[in-house]
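Results of the structural survey
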Amino acid sequence: RHRSSVTLEHGSKRLGKRTDPMMGVWRNYGLGQFIHWGLYAIPGGHWDGKYYSGAAEWIRSWNEMPKNAYDELYKVFDPKAYDPKAWAKQAKDMGAKYMIITTKHHDGFCLWPSQYTDYSVAKSPYNKDIIGPMVEAYDAEGIDVYLYFSVMDWNHPGYRSKLETKEDEEAYEGFKEFTRNQLLELLAFYPSTKGLWFDGTWDQAWIQQAAFADELEEEMRSVIPGLIIGSRFRADENGKRHFDTNGDLMGDYEQGWERKMPNRIEDVNGNDWDCVMTVPENQWGYHSDWKGHVKSSVELIEMMVKAASLDGNFVINFGPDGQGNIRPEESLIAKEVGEWMESNAEAVYDCGYLDWEKQDWGYYTRNRKTGNVNLVVFNYPASGKLRVKVPKGIKIQGIDLIGTNGGTIDLEEIHRDEYFLGLPKGTDHTKPVVLVMKIVEGD
Ligand code: JFZ
């Protein structure tokens, strides 16, 4: 600990990364899929002919949408096209190693038949569990399932964002019990769950519950050994979130990279982290009318590789519509990312940071299992040559250009520890190009 550190009752539980096998699996995922699905998918960002420009899953907070109209949507929730096996297959083909599903978003509607509320699939015309078949389908594809859970709940009568009166405090005690019940219920219903992805934990009322949340986190961890929980669940006794009063990470990985990414290894402080990313600028739930920039598969691949190069996981969000269809734009991304992963995944899975001087052509990743160095080229040089500077004592033993049929790479040592790699003429660089380098260390 730092010299100036104070003793905390509800701060970080561990310094440095988790070293157990389950967290090792998490660390090596590389790519994940997020799914935001709930009642908000039905209006899809529109109400009464008007366009909602915010994130579709927040539509209930919009003045133009009457709350009671939103709160009746469960009566028409009947996603006839919902096909969890098809979703899982698509995720597998994309290359996702884990997925995160919104069991309950801020609106409070539960995609599982919770016995602690009537506001769930059980009261909708669909009248079946959504989560169970999804967990089963993804498990069957070998994709690890994580449950997204919003503590903030606009439906529960005891929910408060602030505790201002005695009455608020009493009501909130009921809400805390409800939250605990739901979380334990989820873990009991879906015991193959690998972790929880928390959200909606920024309210003053919740931040003040450091002792309760700490105890609850311990309880959840005891139900599923190895359970993975990020830094967005609880605050310490001084109200510090993500990082405690001493600046130490709370939880197993940093969960603050939401639609943004670190640029340098120093930005992640030696912690595990994930980046969750929307395809349009800021839409998680289904919005029928995406406006503004929509990311291409190549942009997302670049972010994924960048994440791997800085020891993080990258998660691409999908927002199925009210019937359970995955929109064509997202299906195309899944297909294109999957096609690229099919030949190049060894530069992403099991990969992390390499401390070589960064070059302008793209990113290095280091495969933790093979020890190979990957060069992932996003800015293809006009010269057709890649500059590579290796630290002292490193020898390049062989280089392979993935996906080529035999074109040789010309390796020129321009001076000690600095090379030009000449790529074969006609190398297809319409997609990110990957070179795999075998190296030997030591003089
Ligand atoms: C939250 C939700 O409000 C949103 O609807 C979506 O589910 C997203 C994944 O999470 O939004 C956030 C949460 C955290 C930050 C920003 C938006 N943050 O830490 O900057």
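Throughout what follows, the structure given in this document is the object of discussion. Nothing here was measured: the structure is a model prediction, and the numbers come from that model. Every chain begins its residue count from 1, and numbering advances along the sequence as written. Confidence filtering applies because this is a predicted model: local features only for residues at pLDDT of at least 70, side-chain atom pairs given and counted only at 80 or more, and all residues used for totals across whole chains, interfaces and linings. The side-chain values count all of the structure's non-hydrogen atoms but skip hydrogen atoms and water molecules.

This part takes up the environment of Ser4. Per the convention used, a helix needs a DSSP run of H or I reaching at least four residues, while a strand needs a run of E reaching at least two, with both numbered from the N terminus. Of note, Ser4 is situated in the segment before helix H1 (21–27). Residues Ser4 and Asn246, 242 residues apart in the sequence, show an inter-C-alpha distance of 8.0 Å.

In this section: the site of the ligand. A cutoff of 4 Å decides nearness: a residue is near a molecule or strand if any of its heavy atoms lies inside that distance of it. Around the ligand, the structure places His36, Glu57, Trp58, His105, His106, Tyr148, Asp199, Trp202, Arg232, Glu258 and Trp284. Whenever two N or O atoms come within 3.5 Å, that pair is a polar contact, provided that in protein one can donate a hydrogen and the other can accept it, and provided that, for residues adjacent in sequence, both atoms are side-chain atoms. Take His36: an N or O atom from its side chain is 2.7 Å from an oxygen atom of the ligand. With respect to the ligand, the side chain of Trp58 contributes an N or O atom lying 3.0 Å from an oxygen atom. Method for areas: the Shrake-Rupley scheme with a 1.4 Å probe, in which residue coverage is limited to the protein chains shown. Contact with the protein chains removes 79% of the 450 Å² of surface that the ligand exposes when unbound.

Before going further, it helps to spend a moment on the sheet that holds strand S17 (residues 418–422). Between any two strands, at least two bridges found by DSSP are needed for them to pair. Taken together, the 3 strands give an open sheet; going across it, the order is S14-S17-S16, and neighbouring strands pair in antiparallel fashion. Each end of this open sheet is capped by a strand with a single partner; those strands are strand S14 (385–389) and strand S16 (410–415). This sheet shows a mean twist of 25 degrees between the axes of neighbouring strands, independent of strand direction. Examined bridge by bridge, S14 and S17 share 5 bridges and lie antiparallel to one another. Across the sheet, residue Lys389 finds its bridge partner in S17, namely Glu418. With axes taken as lines fitted to C-alpha atoms, and helix axes fitted only over the stretch in contact, angles between N-to-C directions fall between 0 and 180 degrees.

Note on aromatic pairs: the rings of Phe, Tyr and Trp (six-membered ring only in Trp) are paired at centre separations within 6.5 Å, and the planes decide the class, stacked below 30 degrees, edge-to-face beyond 60, tilted for the rest. Under the defined criterion, the tally for this structure stands at 32 aromatic pairs. Ring geometry for Trp37 and Trp87: centres 5.0 Å apart, planes at 65 degrees, overall edge-to-face. You can see Trp37 sitting in the loop between strand S1 (31–35) and strand S2 (46–47) and its partner Trp87 sitting in helix H3 (residues 84–94), a full 50 residues away along the chain. Classification of Trp37 as buried rests on a relative accessible area of 1%. Note on exposure labels: buried denotes an accessible area under 20% of the residue type's maximum, exposed denotes more than 50%, and partly exposed covers the range between, all computed with a 1.4 Å probe on protein chains only. You can call Trp87 buried: its relative accessible area is 3%. Put simply, the rings of Trp37, Tyr74, Phe77, Tyr82, Trp87, Phe109, Tyr119 and Tyr126 touch in pairs and so form one group of aromatic residues. For the cation-ring pair, Lys97 lies above Tyr349, with the distance from its terminal atom to the ring centre recorded as 4.3 Å. By definition, being over a ring means that NZ of Lys or CZ of Arg is both within 6 Å of the ring centre and within 35 degrees of the ring normal. Taking the ring centre of Trp290 as reference, the NZ or CZ of Arg327 above it sits at 3.7 Å.

Tracing the backbone shows Lys306 in helix H8 (residues 297–309). Positive charge is attributed to Lys and Arg, negative charge to Asp and Glu, and no charge count is given to His or to the chain ends. The term salt bridge refers to a pairing of a side-chain nitrogen on Lys or Arg with a carboxyl oxygen on Asp or Glu at a separation within 4 Å. In this structure, Lys306 is buried with no salt-bridge partner, the nearest side chain bearing the opposite charge being Glu302 at 6.9 Å. At a separation of 2.6 Å, a polar atom in the side chain of Lys306 contacts the side chain of Asn263. The contact criterion used is simple: two residues touch if any of their non-hydrogen atoms lie within 4.5 Å. Setting aside residues no more than four positions away along its own chain, Lys306 makes contact with Met261, Pro262, Asn263 and Tyr363.

In this section: the state of the cysteines. What counts as a disulfide here is a pair of cysteine sulfur atoms lying within 2.5 Å. Under the criterion given, the structure shown has 0 disulfides. Free cysteine: Cys275, not disulfide-bonded; nearest cysteine sulfur from Cys351 at 17 Å. A residue is classified by how much of its surface remains accessible, and Cys275, at 0% relative accessible area, is buried. Classification of Cys351 by relative accessible area gives buried; the value is 4%.

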